[in-house]
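Structural overview for review
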Amino acid sequence: MKIQDVKVFVASPGRNFVTLKIITEEGLYGLGDATVNGRELAVAAYLKDHVAPCLIGKDAHNIEDIWQYLYRGVYWRKGPINMAAIGAVDMALWDLKGKAAGLPVYQLLGGRSRKGVTLYAHAQGATIEETLGAAQVWIDKGFKAVRLQCAIPGLEGTYGVKTKEQKDYFAMQSKRYLPPEEPWSTAKYLNFIPDLFKAARERFGDSVELLHDVHHRLTPIEAARLGKALEPYHLFFLEDAVAAENQESCAVIRQHTTTPLAIGEIYNTIWDCKGMIENQSIDYIRVAATHAGGISGVRRIADYAGLFHVRTAFHGPPDISPIGHAAHMHLGLWVPNFGIQEFVRFGTEVSDRVFSYPMRVEDGMALLEDKPGLGVDFNEDEADLHPYKRSYLPVSRLEDGTLWNW
Ligand code: KDG
Ligand code: MG
């Protein structure tokens, strides 16, 4: 199964996605997602100029050897752009192997461990009432787990909530084509968030799992205070309570609270999460196939995490394409230490014209049709109708103007 051609597409059907297509001499093709939000063109150029030429003529069956070739062979290991490129190649090769074998990728990983992939949805609002109303919509659809984010009173600008200018919290293609800026106050946030979860438990009782994303904004001791304050509302997990670079930080939080901790959406390799997995200072690992070396990279991390009671919660934002989400669905069906899967949506009306995918949601669970490979298809002509648009995530500043973590 020799690789004959490699194509890279950057399209913006609602938001930017980088798609890799690997074509074999037999005419089979595999698809991979290489989207790095806000830095899409960098990974596309890296793939086109540096990775694609090395793949031509290689045997597409040798997934592990190609992974090692791109990881060890580059000399400059790790890094978000490099690992997203490796991730896309890896996904495309698993897709190809599945197509060649006539089997869905989860079968190649070891088969099905559960009937479907349990999801958590996002609820957000400008007030507690609005946030709980948004959660109610998901609960009424049968979701068993919801992430709650709410605007912080007294802070101009919002957290986890779209502004009036944004049609969508995640689709931040601001007219200025520059990162929007949002204000942040840790004191206002910490004083408010426990009220949100108190109100949620009063309204929903214990019938639903509740989650929250701090988005890297606290110091370890501030995160410890939040974890303690949230204990009465028994969260499923508290996500990214601190900036993720320092692996010792979660151990500090751990000394103070039993609120479960999740981290890892910005990690690229097993080395980024090794310490906190071994120390059992986290409960859920949030790596994404798109950003952490594909199915092979994430499988290694998930297997290692399982030894230390750490379960999976793969990153599932809308800035991962349906190909990346499909990779998580296959991993989630197989992985023994599955925890939960983030779900915002697989696609939109516009992106559905570009990507078709075999996933549907029933009672808060993602179900996968048994199609060979990853099961996603990509319409090149339709993608051409949606050219790249420069787009950034916001940046945060403290009220005195100091740059902070978004
Ligand atoms: O590109 C960054 C987003 O994917 C991220 O901000 C979303 O934190 C996020 C989440 O948990 O989905
Ligand atoms: Mg997050």
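Residues numbered from 1 in each chain as written. Chains lettered and ligands numbered in written order. Predicted model: local features only at pLDDT ≥ 70, side-chain atom pairs only at ≥ 80, totals over all residues. Heavy atoms only, no water.

1. A closer look at the nonpolar core
Selection rule: The nonpolar core is taken to be a set of buried Ala, Val, Leu, Ile, Met, Phe, Trp, Tyr and Cys residues, with the residues joined through side-chain atoms within 4.5 Å. The rule is simple: take the accessible area with a 1.4 Å probe, protein chains only, and divide by the maximum for that residue type; under 20% is buried, over 50% is exposed, in between is partly exposed. For the domains described, the bounds stem from an automatic or database domain assignment. Contacts are assigned to residue pairs with any non-hydrogen atoms lying within 4.5 Å of each other.
Within the largest apolar cluster, 118 residues are counted, with the highest numbers of intra-cluster contacts made by Val89 and Leu148. Split by domain, this core shows at least three residues from each of two domains, domain 1 (3-104) and domain 2 (108-371). Among all residues touching Val89, those that are not within four sequence positions of it are Leu20, Ile22, Leu47, Val51, Leu55, Ile66 and Leu70. The next biggest cluster of nonpolar side chains, apart from the first, holds 9 residues, and it includes Ala145, Phe236, Ala262 and Ala313.

2. Looking at the site of ligand 1
Note the cut-off: Throughout, near means a residue has at least one heavy atom within 4 Å of the molecule or strand. Polar contact is the term for a pair of N or O atoms within 3.5 Å; when the atoms are in protein, one must be able to donate a hydrogen and the other to accept it, and sequence-neighboring residues count only if both atoms are side-chain atoms. Only the protein chains shown count as cover for residues, and all accessible areas are computed by the Shrake-Rupley method using a 1.4 Å probe. Polar here means any residue outside two lists: the nonpolar Ala, Val, Leu, Ile, Met, Phe, Trp, Tyr, Cys and Pro, and the charged Asp, Glu, Lys and Arg; Gly therefore counts as polar.
Around ligand 1, a shell composed of 14 residues is seen, among which Asn37, His215, Glu265, Asp319 and Glu342 lie nearest. Glu239 has a polar side-chain atom sitting 3.0 Å from an oxygen atom of ligand 1. In this structure, Asp319 approaches ligand 1 through a side-chain N or O atom, which is 2.8 Å from an oxygen atom. For ligand 1, the accessible surface in isolation is 330 Å², of which the surrounding protein chains cover 93%. Its residues assigned to classes, the shell around ligand 1 comprises 4 nonpolar, 3 polar and 7 charged.

3. Overview of the coordination of the magnesium ion (ligand 2)
Convention followed: For Na, K and Ca the donor cut-off is 3.2 Å; for every other metal, N, O and S atoms count as donors within 2.8 Å. Water does not enter the count, which can leave sites looking incomplete. Helix and strand definitions follow DSSP, with helices as H or I runs of at least four residues and strands as E runs of at least two, each counted in order from the N terminus.
Here the magnesium ion (ligand 2) is held by the protein donor atoms Asp213 (OD), Glu239 (OE) and Glu265 (OE), which lie 2.0 to 2.2 Å from it. Along the chain, the residues donating to the magnesium ion (ligand 2) fall in the pattern D-x25-E-x25-E. With Asp213 in strand 7 (residues 209-213) and Glu265 in the loop between strand 9 (261-263) and helix 9 (270-278), this residue pair connects regions lying 52 residues apart in the sequence. Taken as a pair, Asp213 and Glu265 share a single burial class, namely buried.

4. Observations concerning the pairing of strand 3 (residues 29-33)
The condition is simple: Two strands are counted as paired when DSSP detects at least two bridges linking them.
Burial analysis of strand 3 places 4 of its 5 residues in the buried class, the great majority of the element. Where strand 2 (residues 17-24) lies against strand 3, 5 bridges are found, and the strand directions are antiparallel. Across the sheet, residue Ile22 finds its bridge partner in strand 3, namely Gly30. What sits between strand 2 and strand 3 in their antiparallel hairpin is a turn of 4 residues, with Gly27 showing a positive phi close to 90°.

5. Section: the domain arrangement of the chain
The cut-off we apply is this: By buried area we mean how much accessible surface two parts lose on assembly, using a 1.4 Å probe and totalling the loss over both. For this document, the term salt bridge refers to a Lys or Arg side-chain nitrogen within 4 Å of an Asp or Glu carboxyl oxygen.
Domain boundaries assigned for the chain yield domain 1 (3-104) and domain 2 (108-371). Placing the centre of domain 1 and that of domain 2 at their C-alpha centroids yields a distance of 26 Å. Between domain 1 and domain 2 the total buried area reaches about 2,600 Å² when both faces are included, carbon and sulfur atoms providing 60% of it. By the criterion of area lost to domain 2, the three top residues of domain 1 are Arg15, Trp94 and Pro104, representing 25% of everything that side buries. At the boundary of domain 1 and domain 2, one finds 2 salt bridges. A salt bridge links Asp272 to Lys78; the nearest nitrogen and oxygen atoms lie 3.4 Å apart. For the pair domain 1 and domain 2, the interface holds 9 residue pairs in polar contact (both at pLDDT 80 or more).

6. A few points about helix 9
In an α-helix, one turn spans 3.6 residues, which is why side chains three or four residues apart end up on the same side. What counts here: Note that the arc is defined by the directions from the helix axis to the C-beta atoms.
What helix 9 keeps buried is the set Asp272, Cys273, Met276 and Ile277. Angular distribution of buried residues about the axis of helix 9 spans 105°; they occupy a single face of the element. In this structure, the buried side of helix 9 is in contact with helix 8 (249-254), strand 9, strand 10 (284-285) and helix 10 (294-306). Measuring from the side-chain oxygen of the N-cap residue of helix 9 to the backbone nitrogen of Trp271 gives 3.1 Å; that N-cap residue is Thr269. Directly beyond the C-terminal end of helix 9, a positive phi value near 55° is found at Gln280.

7. Observations concerning the packing of helix 6 (residues 186-204) against helix 7 (residues 220-230)
What counts is decided by this rule: Between the N-to-C directions of two axes lies an angle of 0 to 180 degrees, each axis being a line fitted to C-alpha atoms and, for a helix, fitted only over the stretch in contact. Working definition: roughly parallel below 35 degrees, roughly antiparallel above 145 degrees, roughly perpendicular at 65 to 115 degrees, and oblique for all remaining angles. What makes a crossing left-handed is the near helix being turned counterclockwise from the far one by less than a right angle; a clockwise turn instead makes it right-handed.
Interaxial distance between helix 6 and helix 7 falls to 9 Å at its minimum, and their mutual angle equals 20°. Taken together, the axes of helix 6 and helix 7 lie roughly parallel to each other. For the pair helix 6 and helix 7, the sense of crossing is right-handed. Counted together, Thr186, Tyr189, Leu190, Asn191, Ile193, Pro194 and Phe197 of helix 6 and Glu222, Arg225, Leu226, Ala229 and Leu230 of helix 7 form the full contact between these two elements. Of the residues contributing to the contact of helix 6 with helix 7, the split by class is 8 nonpolar, 2 polar and 2 charged.

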